[in-house]
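Chain and residue survey
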2 protein chains.
Amino acid sequence: MTTVSIITIGDELLIGQVIDTNSAWLAQELNKIGITVTRRVAVGDKYDEIWNALDQEAATANIILITGGLGPTADDITKPLLCKYFNGKMIVNQEALENVTLLFEKVFKRPLTERNIKQAEVPDTCRVLINPRGTAAGMLFEKENKIFVSMPGVPHEMKGIMMDHVIPLLKNKFDLPHIAYRTLVTFGIGESMLADLIQSFEEALPTHIKLAYLPNYGIVRLRLSAIGKDKDLLEKEIDTLFITLQELAKDYVVTNEDEPMEKIVAKMLLQRKQNLATAESCTGGYLAHLITSIPGSSAFFQGSMITYSNQVKEHLLQVKKDTIEKNGAVSEAVVIEMTQGILKHLKTTYAISVSGIMGPDGGTAEKPVGTVWVAVGNLNSIKTHQFHFRFDRQKNIQLTAMNAFNLLRQFIIGSDSN
Amino acid sequence: MTTVSIITIGDELLIGQVIDTNSAWLAQELNKIGITVTRRVAVGDKYDEIWNALDQEAATANIILITGGLGPTADDITKPLLCKYFNGKMIVNQEALENVTLLFEKVFKRPLTERNIKQAEVPDTCRVLINPRGTAAGMLFEKENKIFVSMPGVPHEMKGIMMDHVIPLLKNKFDLPHIAYRTLVTFGIGESMLADLIQSFEEALPTHIKLAYLPNYGIVRLRLSAIGKDKDLLEKEIDTLFITLQELAKDYVVTNEDEPMEKIVAKMLLQRKQNLATAESCTGGYLAHLITSIPGSSAFFQGSMITYSNQVKEHLLQVKKDTIEKNGAVSEAVVIEMTQGILKHLKTTYAISVSGIMGPDGGTAEKPVGTVWVAVGNLNSIKTHQFHFRFDRQKNIQLTAMNAFNLLRQFIIGSDSN
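Residues numbered from 1 in each chain as written. Chains lettered and ligands numbered in written order. Predicted model: local features only at pLDDT ≥ 70, side-chain atom pairs only at ≥ 80, totals over all residues.

If you tally the helices and strands in chain A, you get 16 helices and 17 strands. If you line up chain A on its principal axes, its C-alpha atoms span 80 × 60 × 40 Å. Burial status across chain A gives 47% buried among its 418 residues. (Helix = DSSP H or I, 4+ residues; strand = E, 2+ residues; numbered from the N terminus. Buried ≥ 20, exposed ≤ 12 C-beta atoms within 10 Å, placed from the backbone.)

Following this line, the structure appears as structure tokens:
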């Protein structure tokens, strides 16, 4: 098995100022080519800590991917350390210098400083991996049959170096196994109940096939992964198991592709050449943000009204003052009128409306924090649902969004059969 | 120095399905009480890997915080492993059982299964840290003068156990140093130019005071941290340095508190008893989402129109068809009319409008991907700015948001002096 250990370097990781998203991306891309990440380590900008991490990780993994610590400022010590670790001396790399010069001329449109020129210096024992997206080059070293790659921590620069250089190189160098994946997305069932439901299936799995439960905001992803040499056999084997799994969990299955909820809804709308608008109070634009984060969303999304105040609900969506006064802004009657209002104004096939109390303040005995009304519908029919979430503001907003998309998904399926 | 190593357990981390946000939160909370995180390690649900990580991390840190691996499903092996590692035997903990029973009765409203009861079993060598937010209890072990704490990976459960039990316990047990922080938020200057600007300041810093550069979407945070025993002396020392730093970077300073851009704007609006609305095309509700993620935002935020299609721009914001046809939807003229439209409808003090091309598609030679027009203004005056970003969709959306908030910030300051 070809294994990777990821070392991320930077005080900002250990003081908690930065959340490491690089490692997850790296793991996904490596898994696709049959390489397993066995460990991830984060260390600060400290000489001994970095040195020890290199020793330690090289002791167990074939490949050591290092991100971060290559910035132009004084707190970055990784490059001189790597130079010493791999017994090199620093030299200016001509190709890297050209890249830095070009970036400052064409992209940053600023004069090149002494600091920036230093970015083109590398140990003479490395192979330079040019980074057209930034000033810090990637560096590849080999030592005692292990491969070490150092890359900047800036996500899009790291990703570029991986795709341009590292992935092709690793595919070429190692005899990699095949990894097959199937992911089933379920909604509306907890992890432990799902585990009970599929217990005998899980217990009967052969050892080269693993099942993982990945719960997230009401969704549980079931991920089957199989590792082996014979691609065709493996794919056939996992397909058969996946069909059984889908059958077992069928009452809760949303989709058999690993996609976020908004993407699932987006694909349904695109297929049907239909479109959507949202009227959001408590989610404050989060539904619209998720939808418009999908490239090409203008094909099925018209827009939203974020009616945070009651006056705006009345003025923009023609929710009746009387309805709000009688029922409160967080009520079934209000989300119904919001849905009617947005459908009328934006003339879309479907609409989603939400009104709720996300916390930490604003709750009452009758309507505690976490009370949310959602309506989904079209011109013919509107379905509503009340939720009671019990988390913090951020999580309540996210749960509302996932549940709202799921309600719309069910509504669209229901509309198909009418 | 009291040091922590964090071990996160779970295959989901190593296959990249989950981004670890717990570690950053833990580091921030520990730093506040003078504890330094020196390493973070992530390992899969593998017996040997977890065991080795425990040995390795205990070799250098005083405290080992372990998150994850305590779920009710079969892929979680951490608890039996900890039982063996700390020479215990599994027993049902009465308090933990009561907690699980109560949760199922009152919160989940589901019958308790065999699997759930197992969640109340713990090694008899641990001190149980009750987790009222979930079924997996926290566990504290001591071995050779090191403290080990195992917590579930679910963020709000882990945070609850830390706040209720672990933080008070660590403060009590260790003689902790004081850590003083000051953070300066700058905007509109790159990391390396900033480094040149403050080079002599940085070089003259005493060794117990560190300066970190934390760049993020146009913002660079400069973070001074000082560690020592004498709190008063340390605070005085860092205050003096912080004043010098503010003076040096004054042309780029946004605020001297460590707050996100939307919070800075929110505070300005609250102070002035003014309010805001947004009209968003390319950001698709992201501005509104950031604002409404702030608790209590209804005090200064009225709502938004997310006008993703041109028809909706015309219909809802009365952007003239002619203006769009002559200038295109991504133009100065359109964002001006969007601002006028939203101010008229939502009657707020200020409005922000954005229209741009976020990519990957939709760019032209004249208006490539990353072209964005932003307008900020009130009834008297509107200021516009054109941006050219050069990243992916997500990053372009985020950069647009940060720059839009910064423009509004400058506009409000300008309005104050009129």
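Continuing now.
This brings us to the packing of helix 2 (residues 22–32) of chain A against helix 7 (residues 155–173) of chain A. Residue and element names in this part refer to chain A. As a packed pair, helix 2 and helix 7 sit with axes 11 Å apart at the nearest point and diverge in direction by 20°. One element, helix 2, and the other, helix 7, form an angle in the roughly parallel class. The handedness of the crossing between helix 2 and helix 7 comes out as right-handed. Two secondary-structure elements touch here, helix 2 through Asn-22, Trp-25, Leu-26 and Glu-29 and helix 7 through Pro-155, Met-158, Lys-159, Met-162 and Ile-167. (Axes fitted to C-alpha atoms, helices over the stretch in contact; angles between N-to-C directions. Parallel < 35°, antiparallel > 145°, perpendicular 65-115°, else oblique. Left-handed = near helix turned anticlockwise from the far one by under 90°. Contact = placed C-beta atoms within 7 Å.)

This part takes up the sheet that holds strand 15 (residues 350–356) of chain A. Strand pairing in a sheet relies on backbone hydrogen bonds. The paired strands run either parallel or antiparallel. If you trace the ten strands from one edge of the open sheet to the other, you get 17(A)-16(A)-15(A)-13(A)-14(A)-14(B)-13(B)-15(B)-16(B)-17(B), paired in mixed fashion. Because the sheet does not close on itself, it has two edges, and the strands there are strand 17 (382–388) of chain A together with strand 17 (382–388) of chain B. If you compare each strand with its neighbour and ignore which way they point, the axes differ by 10° on average. As judged from the six bridges shared by strand 15 of chain A and strand 16 (residues 371–377) of chain A, these two strands associate in the antiparallel manner. Across the sheet, residue Ser-353 of chain A finds its bridge partner in strand 16 of chain A, namely Ala-375 of chain A. (Pairing = 2+ DSSP bridges.)

In screw terms, the move from chain A to chain B is a rotation of 180° and a rise of 0.1 Å along the axis, fitting with an RMSD of 0.1 Å. In symmetry terms, the pair is related by a two-fold rotation axis. Most of the interface of chain A is mirrored in chain B, where 100% of its interface residues again form contacts. (Least-squares fit on C-alpha atoms with pLDDT ≥ 70 in both.)

Another point: the pairing of strand 10 (residues 209–216) of chain A. Pairing of strand 10 of chain A with strand 11 (residues 219–228) of chain A, which is carried by eight bridges, proceeds in the antiparallel orientation. Bridge pairing links Leu-211 of chain A to Leu-224 of chain A in strand 11 of chain A.

Residues and elements named next belong to chain B. One can find Asp-45 in the loop between strand 2 (36–43) and helix 3 (47–58). For Asp-45, a count of 23 C-beta atoms within 10 Å gives the class buried. Put simply, Asp-45 and Ile-77 are 32 residues apart on the chain and 6.6 Å apart in space, counted from C-alpha to C-alpha.

As a further point, take the domain arrangement of chain A. Each domain of chain A was delimited in the assignment, giving domain 1 (3–173), domain 2 (178–255) and domain 3 (261–416). With centres defined by C-alpha atoms, the gap from domain 1 of chain A to domain 2 of chain A works out at 35 Å. (Domains from an automatic or database assignment.)

Attention now goes to the pairing of strand 17 of chain B. Across a regular strand the side chains alternate sides, sitting on one face of the sheet and then on the other. Residue and element names in this part refer to chain B. For strand 16 (residues 371–377) and strand 17, the ladder comprises seven bridges, and the chain directions are antiparallel. Paired with Ala-375 across the bridge in strand 17 is Thr-384. The hairpin turn running from strand 16 into strand 17, its antiparallel successor, is four residues long.

Of the residues lining the interface, 76 residues belong to chain A; the matching set on chain B comes to 76 residues. Bridging between strand 2 (residues 36–43) of chain A and strand 2 of chain B involves five bridges; their strand directions are antiparallel. Note on strand 2 of chain B: the bridge partner recorded for Arg-40 of chain A is Ala-42 of chain B.

Attention now moves to the nonpolar core. The biggest cluster of nonpolar side chains holds 120 residues, and the ones touching the most others in it are Ile-342 of chain A together with Ile-342 of chain B. For this core, the element with the most residues is helix 16 (residues 393–417) of chain B, which contributes seven residues. Ile-342 of chain A has contacts with Ala-277, Ala-279, Met-305, Leu-317, Ala-351 and Ser-353 of chain A, leaving out every residue within four places of it along the chain. Residues Leu-65 and Phe-141 of chain A together with Ile-35 and Leu-54 of chain B belong to the second largest nonpolar core, which totals 102 residues. (Core = buried A, V, L, I, M, F, W, Y, C linked by C-beta atoms within 7 Å.)

In this structure, Pro-360 of chain A follows Gly-359 of chain A across a cis peptide bond, with omega equal to 0°. Its location among the elements puts Pro-360 of chain A in the loop between strand 15 and strand 16. Unusually for a residue other than glycine, Asn-145 of chain B sits at a positive phi of about 70°. We classify Asn-145 of chain B as exposed; it has 7 C-beta atoms within 10 Å. Here Lys-273 of chain B, not a glycine, exhibits a phi torsion of approximately 50°, which is positive. Within the secondary structure layout, Lys-273 of chain B lies in the loop between helix 11 (261–272) and strand 13 (276–280). Judged by the 9 C-beta atoms lying within 10 Å of it, Lys-273 of chain B is exposed.

Attention now goes to helix 3 of chain B. Residue and element names in this part refer to chain B. Between its terminal C-alpha atoms helix 3 stretches 17 Å, which fits the 16 Å expected from twelve residues at 1.5 Å a residue. Taken residue by residue, helix 3 has Ile-50, Ala-53, Leu-54, Glu-57 and Ala-58 as its buried positions. Mapping the buried residues of helix 3 onto a view down its axis gives an arc of 115°, with all of them on the same face. What points out from helix 3, more than 90 degrees from its buried face, is the exposed set Asp-48 and Asp-55. Close packing links the buried residues of helix 3 with strand 1 (3–9), strand 2, strand 3 (63–67), helix 4 (78–85) and strand 8 (146–151). (Expected span 1.5 Å × (residues − 1). Arc of directions from axis to C-beta.)

Residue and element names in this part refer to chain B. The end-to-end C-alpha distance of helix 5 (residues 94–108), which contains 15 residues, comes to 20 Å, matching closely the 21 Å that a straight helix rising 1.5 Å per residue would cover. Here helix 5 has its buried residues at Ala-96, Asn-99, Val-100 and Leu-103. Of the surrounding secondary structure, the elements contacted by the buried residues of helix 5 are helix 6 (114–118), strand 5 (121–123) and strand 6 (127–129). Taken from the residues just after helix 5, Lys-109 is the one with a positive phi, measuring 55°.

Our focus in this paragraph is the sheet that holds strand 3 of chain B. With respect to topology, twelve strands assemble into an open sheet ordered 6(A)-7(A)-8(A)-3(A)-1(A)-2(A)-2(B)-1(B)-3(B)-8(B)-7(B)-6(B), the strand pairing being mixed. Each end of this open sheet is capped by a strand with a single partner; those strands are strand 6 (127–129) of chain A together with strand 6 of chain B. On average, adjacent strands in this sheet sit at an angle of 20° to one another, irrespective of strand direction. Bridge count for strand 7 (residues 138–143) of chain A against strand 8 (residues 146–151) of chain A is five bridges, and the pairing is antiparallel. By the bridge assignment, Glu-142 of chain A is partnered in strand 8 of chain A with Ile-147 of chain A. Running at roughly 165° to strand 2 of chain A, helix 3 (residues 47–58) of chain A makes contact with strand 1 (3–9), strand 2, strand 3 (63–67) and strand 8 of chain A together with strand 2 of chain B of the sheet.

For any two helices packed against each other, the geometry is given by the interaxial angle and the distance between the axes. Residue and element names in this part refer to chain B. Following both chains from N to C, one finds helix 11 and helix 16 inclined at 25°, their axes separated by 9 Å at the closest point. By the angle between their directions, the pair helix 11 and helix 16 is classed as roughly parallel. As for how helix 11 packs across helix 16, the hand of that crossing is left-handed. Across from Met-261, Glu-262, Ile-264, Val-265 and Met-268 in helix 11, the residues of helix 16 making contact are Met-402, Phe-405, Asn-406, Leu-408, Arg-409 and Ile-412. Residues of the contact of helix 11 with helix 16, tallied by class, amount to eight nonpolar, one polar and two charged. (Nonpolar A, V, L, I, M, F, W, Y, C, P; charged D, E, K, R; others polar.)

This next bit is on the environment of Pro-295 of chain B. Position of Pro-295 of chain B relative to the elements: it lies in the loop between helix 12 (286–292) and strand 14 (301–307). Each C-alpha atom of the pair Pro-295 of chain B and Gly-328 of chain B lies 37 Å from the other, and the pair is 33 residues apart in sequence.

Right, let's talk about the confidence of the model for chain A for a bit. For residues with low pLDDT, the predicted coordinates do not support detailed interpretation. The share of residues in chain A with pLDDT of 70 or more is 99%, and the mean pLDDT across the chain is 93. Interface scoring of the predicted complex returns ipTM 0.86; its pTM is 0.86. (pLDDT = per-residue confidence, 0-100.)

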